[in-house]
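Next come the chains, spelled out residue by residue.
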Amino acid sequence: MAWQDNFNELYKTEFPLQNSKYFKFAIEEHKKKGTLQMNIRIFQHAKTEGGYEGPTKNGVTLAVTNKEDLEKLQKAFNDYFDKVKEYM
C-alpha cells in the first residue's frame, strides 16, 4: 500500500541542501488511526532528465503523542544544535 493511502500531509516545508537534495519536514496524520507523526526526510531532485527523484534512505519519522513529549524532544534538538555550534 502506498504512503499516500495511509497518511494525510497536514503541513510541509522544505529546506535546500547541497547536490540537488533537500530536507522535507512534514506533519502527517494517519488516515485510519488519527495519530500524528513528524516526518523529516532528505529528498533528491533528479540530477539528469529521467533520473531518480524522491525520498532517500536518510530521515526520521517520530510519533507525536502529546505536547510535553514534543517539548522535551525540541529541547533535546536545541541542545544538540547548540553543541554542534561549539565545534564550529
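Check the entry above for the structure.
Calculation notes
- Residues numbered from 1 in each chain as written.
- Predicted model: local features only at pLDDT ≥ 70, side-chain atom pairs only at ≥ 80, totals over all residues.
- Heavy atoms only, no water.
- Helix = DSSP H or I, 4+ residues; strand = E, 2+ residues; numbered from the N terminus.
- Pairing = 2+ DSSP bridges.
- Axes fitted to C-alpha atoms, helices over the stretch in contact; angles between N-to-C directions.

A. Broad picture of the environment of leucine 73. Along the polypeptide, leucine 73 turns up in helix H2 (residues 67–86). Counting along the chain gives 11 residues from leucine 73 to leucine 62, while the straight-line C-alpha distance between them is 10.0 Å.

B. Focus on the sheet that holds strand S2 (residues 21–30). Reading across the sheet, the 4 strands line up as S1-S2-S3-S4 and stay open at both edges, with antiparallel pairing between neighbours. Each of the sheet's edge strands pairs with one partner strand only, and the pair in question is strand S1 (7–16) and strand S4 (54–64). Shown here is a sheet whose adjacent strand axes are inclined to one another by a mean of 20°, direction ignored. Pairing geometry for strand S3 (residues 36–44) and S4, over 8 bridges, is antiparallel. Among the inter-strand pairings, glutamine 37 is bridged to a residue of S4, identified as alanine 63.

Any link to function would need more than the numbers given here.
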